[in-house]
Amino acid sequence: MAPSAPATASNSPAKKTSAPEKKYKCQFCNRAFSRSEHRSRHERSHTKERPFKCLKCRSTFVRRDLLLRHDRTVHAKDGGIPLVAEGRRRGGNGGVQKASSAGPSKPSITIDPATLEQIEASSDGMVDLETAAMLMTDFQHKAAAAATGQVSERSESLSPGQGSFDPYLSGNATLPQMPWDTLVSPAEAGSMPTLIDRHGPVGDVLLSHSLPMSGNSTPNALSPYPSMTGPVSPVNYRRSPGPSQALTLPKAPQIANETERTSVIESVQKADALGALPENFQIPATAALNRYLSTYFNLYHPHLPFLHQQSFNPTSAPTPLLLAVLSIGALYTFERDHAFMLHVGSKVLVNQFLQHKENFDSRKCPLWLMQSTLLNMVFESWSGDPKGLEWTCSIKSLLANMVAGNRYQLKLRTEARQGTQPSREDWIEEESCRRTYFAVYIFFGMLTLTFNHTPAMSFDEFDNLELPSSESLWNLETADEETWRRSIAAASSMTVREAHDFLFQGEQTRYSAFATRVLINALFLQVWNHKRSFEALQDVVTEYKLRLALETWENSLEVCEPETIVVPLSTPQKGHPLIFNSMAVYRNTRARLEVDLKSIQEAMRYHSSYEVAAAMTVAREKVKRSQEMNKVVQQCFECMEIAAIQGINWVAKTSATNWSVEHPLCGLDLMVILSLWLYRLEHDDEPATEAELAIYNKVRNLFDDDAIDAFGKLSSTVARVWGNILDGVVVWGITKLMGESFKLHSQALVGYEDSLRVGKDQPIHAVPTKSLASVGTAY
């Protein structure tokens, strides 16, 4: 009996700390809880309610701790602003904060009792490793926020509609309807995961098996957000040099200190002679400016490299051009208020220059004016607002005249040299001009591809120009003039006309990655013109020549000039990002030889997802079944396969910043064709041929059985998946439009009766859809 005494003694304290009474009973089952919030959380398992929504993607959760964990594993670890804990969200009563009378208060870096309560509630008395990691991460996020709180101050944004603007600023000058508030964005500063969240739904797409990302998993040290873009890669894998030979892109221009920022402010004030900038226009903090410069030159510039990165100096660059660069850089950091403010500032200053330029002559138009206008048009055209597109259309002729006049002056300068090699400074200036002309040509081509707009510039404008140089030569650093002259003498040169003629003669030709992009743009516009001619159906010879030229263009990629520049982007294509972009245009061009979807492109002009989706569904009669169509569908499959190989969820989170806007724009036609072709196979009375079945099964193998069952048909699955990819993360508003359109198109394909009858005031997410998020196992 003696041994029982200690046991009795040891049990006595337990009575004092016994578990609280479980007086809160579930209304659906027999379980009871000691706290009402625990009961509420449990009842969600019956009601399927998921009230905690991630503001950075479309995931929803039953509990807030799961939302915090999702934020940690998917968003915040890549440098984004983390979600605040529950206690601070309530007003900070639960946290221990230090008060300072000598200066502004700083965010608390202590752990909230409310966070502890959440962990306790979610762990049922047991704290596992995952929960402990969440607790530590929550603490680290608070510490980071306290350390950077003073750096991340944001200036006041412009109020839409302020100021009176002149014709250059008309249309969508203030972007009053730009749907920024509906865009999905990761935490202000580009937060992209390299791995898929294994603990919660991060997308609606699951593949039948885990498909590896290309390359290795080493984070990209050159990226401003290291784990955003995947591995660094020498850009021509077919002929890539060894690691010791690879050259790094020049470091993005930066503002060194507050003195240089003050210099930028003074330049803005000097350029704004009329005081037309809104009163609350402000230049952001130095840290923000440097962030925008980094994202522009690391994420946007490689896709359209018409600026000379080495010589671009923020303090001496023309102010309108600097503001235009910063505005696009701000888009890539998801700081939309600053992007909007800087964009309007650039337009105001360009307009003042045009007004005060007496007897404006396009032959004397400065290069920076063209470059600024181009970037402003890019900003507006892909903003997702039809007013922005209307403004772009209103000044297309202005930009085209600038290019024509400046090109004529360049011709006179080069002829005056009488064949002698230019100095390095002269060559940089002349190459900048050529690259700017070609960038405008490419941009106008994308307007034609997306909206079926008549081309604003003809091929004849450029036929006698030299093609752009290689990116290696464009970014070459040389110590002396003699080294430079040897490099330029060894570089191959060819005019646009010569390269174009070789394509139609079936001869493979060696040119640069940028030249590849220029030539496929020319071929696309020729196909577009051919399909709109009255003789197109009978003109078999011209169509044969176009097919030969496209085939030669594709084969010429094998002999493309090898690039030795390492870029801060990763693409599935074995080549420079410009070649990856070119392949997207190539697939679209091949498809247009067989299918004309101009009704969809014209609906895109007005930016209504319902109208675009209706045009998609009606276009099913445009997609025929034939051997030639099988080749087109194969191109469409390759477009989807690229995303599948990378990992569809990963692509949905990273492609917005890692790939160019050309991919979703070019993929619009391809995915419509693929979904409608699959629909025909699923519903036509005519049985599928062996070739058609082979393609169908290749597409089918990208998805697991449950994913197909969730939507009913493979055609609907493809449309829904592509819609999820497009609006997974949004830099350019137009991808949001396309994503919603594909989701509505998906619903129409499976026969939802209300898919096209949803009221305009009803949000998209209210349309009944099934989610793939809970199907299978995340990879």
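Cut-off values and rules
Residues numbered from 1 in each chain as written. Predicted model: local features only at pLDDT ≥ 70, side-chain atom pairs only at ≥ 80, totals over all residues. Heavy atoms only, no water. Axes fitted to C-alpha atoms, helices over the stretch in contact; angles between N-to-C directions. Helix = DSSP H or I, 4+ residues; strand = E, 2+ residues; numbered from the N terminus. Parallel < 35°, antiparallel > 145°, perpendicular 65-115°, else oblique. Left-handed = near helix turned anticlockwise from the far one by under 90°. Contact = heavy atoms within 4.5 Å. Nonpolar A, V, L, I, M, F, W, Y, C, P; charged D, E, K, R; others polar. 1 Å grid on protein atoms, 1.4 Å probe; cavity = no way out; pocket = protein on both sides within 12 Å on 5 of 7 lines; lining within 4 Å. Points joined across faces, edges and corners; volume = space filled by probe spheres on them. Expected span 1.5 Å × (residues − 1). Buried < 20%, exposed > 50% of the residue type's maximum accessible area, 1.4 Å probe, protein only. Salt bridge = Lys/Arg side-chain N within 4 Å of Asp/Glu carboxyl O. Core = buried A, V, L, I, M, F, W, Y, C linked by side-chain atoms within 4.5 Å. Bend = angle between axes of the 7 residues up to and from the residue.

## A word on the packing of helix α11 (residues 367–381) against helix α14 (residues 424–451)
- Remark: α11 packs on α14, axes separated minimally by 10 Å, with the N-to-C direction vectors making an angle of 25°. Taken together, α11 and α14 sit at an angle that is classed as roughly parallel. Here the hand of the crossing between α11 and α14 comes out left-handed. Where α11 abuts α14, its residues Leu367, Met370, Gln371, Leu374, Met377, Val378 and Ser381 lie against Ser432, Cys433, Thr436, Tyr437, Ala439, Val440, Phe443, Phe444, Leu447 and Phe451.
- Residues that form the contact of α11 with α14 fall into these classes: 13 nonpolar, four polar and no charged.

## Thoughts on the layout of surface pockets
- Size it by volume and the second largest pocket reaches roughly 1,000 Å³.
- Forming the boundary of the second largest pocket are 39 residues, of which Trp427, Arg434, Glu466, Ser492 and Ser493 lie nearest the centre.
- Among the elements that line the lining of the second largest pocket, the one with the most residues is helix α13 (residues 396–416), at five residues.

## Some details on helix α20 (residues 577–592)
- For α20, which comprises 16 residues, the first-to-last C-alpha distance of 23 Å matches the rise-based estimate of 22 Å (1.5 Å per residue) to within 8%.
- Counting buried residues in α20 gives 15 out of 16 residues, a clear majority hidden from the surface.

## Observations regarding the pattern of salt bridges
- Summed over the entire model, instances satisfying the criterion amount to 26 salt bridges.
- Of the charged contacts, one joins arginine 497 and aspartate 463 as a salt bridge, the two residues approaching to 3.7 Å between their closest N and O atoms. Of the two residues, arginine 497 sits in helix α17 (residues 496–504) while aspartate 463 sits in the loop between α14 and α15 (471–474), which places them 34 residues apart along the sequence.
- The residue glutamate 638 makes a salt bridge to arginine 587 at a minimum N-O spacing of 3.6 Å. Linking glutamate 638 in helix α23 (residues 627–646) with arginine 587 in helix α20, this pair joins segments that are 51 residues apart in sequence.
- The class of glutamate 638 is partly exposed, set by a relative accessible area of 24%.
- We classify arginine 587 as buried; its relative accessible area is 7%.
- In the salt-bridge network here, residues are joined through shared partners; they are Lys531, Glu543, Arg547, Glu594, Glu628 and Lys631.

## Quick word on the nonpolar core
- Residues Trp382, Trp553 and Trp732 are the most contacted members of the largest nonpolar core, which totals 170 residues.
- Those residues in contact with tryptophan 732 that lie beyond four places of it in its chain are Tyr300, Ile328, Leu331, Tyr332, Val378, Phe379, Trp382 and Val661.
- Core analysis: the next-biggest nonpolar cluster, separate from the first, contains seven residues, Trp474, Leu476, Trp484 and Ile488 among them.

## Thoughts on the environment of alanine 591
- Its place among the elements puts alanine 591 in helix α20.
- Excluding its chain neighbours within four sequence positions, the residues that come into contact with alanine 591 are Val632, Leu670 and Ile673.

## Looking at the environment of glutamine 409
- As for its position among the elements, glutamine 409 is in helix α13.
- On the basis of relative accessibility, which here comes to 23%, the residue glutamine 409 falls in the partly exposed class.
- Here the alpha-carbon distance between glutamine 409 and serine 362, two residues 47 residues apart in the chain, equals 9.6 Å.

## Examining helix α25 (residues 662–683)
- Given a rise of 1.5 Å per residue, 22 residues ought to cover 32 Å, and the 32 Å separating the end C-alpha atoms of α25 matches this to within 8%.
- The principal kink in α25, of about 35°, is found at leucine 668.

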